[in-house]
Amino acid sequence: MKEDNEKNEAEEDEILVKKAQESPEAYEALYKKYGKRVYDYFWFRAGRVKEVAEDLAQETFVKAYQKLPKFHLRAYSYFSYLLTIAHNTLVKYYRKPKTESLEELGDVPDGASGETHREKSETKEKAEFLWQAVENMPEKEILLLKYRDGLPIKDIARLAGKSENAVKLALSRARKKLARRPEFKEL
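Residues numbered from 1 in each chain as written. Predicted model: local features only at pLDDT ≥ 70, side-chain atom pairs only at ≥ 80, totals over all residues. Heavy atoms only, no water.

### Regarding the pattern of salt bridges
- Scanning the entire structure with this criterion turns up eleven salt bridges.
- A salt bridge links Asp13 to Lys33; the shortest N-O distance between them is 2.6 Å. Linking Asp13 in helix H1 (residues 2-22) with Lys33 in helix H2 (residues 27-45), this pair joins segments that are 20 residues apart in sequence.
- Residue Asp13 is classed as buried on the basis of its relative accessible area, which comes to 0%.
- Using a relative accessible area of 24% as the deciding quantity, one classes Lys33 as partly exposed.
- Between Glu141 and Arg45 there is a salt bridge; the shortest N-O distance is 3.3 Å. On the criterion of sequence distance, the pair formed by Glu141 in helix H7 (residues 140-148) and Arg45 in helix H2 is long-range, its members being 96 residues apart. (Salt bridge = Lys/Arg side-chain N within 4 Å of Asp/Glu carboxyl O. Helix = DSSP H or I, 4+ residues; strand = E, 2+ residues; numbered from the N terminus. Buried < 20%, exposed > 50% of the residue type's maximum accessible area, 1.4 Å probe, protein only.)

Now the structure itself:
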């Protein structure tokens, strides 16, 4: 079933790419389909700063659009291609010297609007603990690609330069490590 979804997504992407190559206005459909996911990729990796995530996502789509005339879809989705560009954009971003102060970076946004202040604080605290735990794990990038970006194992393996079995093993080990931590027993 999952393979069917991936195949359908790749087929849909192929149609959207061909339309976008024929008419630049049609590229909007690819942006609408993947814009939020690319933004989320950056938001999580760029210190959860909205403006930075928006700028990097925009830069990713501009680069992808500029390369669109020569682009040929392979055996993976257009999202995987976008993530490759996004990864390179993020590396470039972190290599640039920073001129922002901590005050300019802002704060972590609050959770869902229906929560009480106490529930928001607890949710925020649990998310921070989880983030800190994942941040220090060797499997960090694989975990983010799987659970934050929702990529299939096949695409993660390609991006990480590992076999699918190695990715599955890394995810399993990471989940077990997190499950053993006492602060995550109730998550």
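Picking up after the structure, the text goes on.
### Regarding H2
- Between its first and last C-alpha atoms H2 spans 26 Å; for 19 residues at 1.5 Å apiece the expected length is 27 Å, and the two agree.
- Most pronounced at Tyr34, the bend in H2 amounts to some 50°.
- Among the residues of H2, Tyr27, Leu30, Tyr34, Gly35, Val38, Tyr39, Asp40, Tyr41, Phe42, Trp43, Phe44 and Arg45 are the ones counted as buried. (Expected span 1.5 Å × (residues − 1). Bend = angle between axes of the 7 residues up to and from the residue.)

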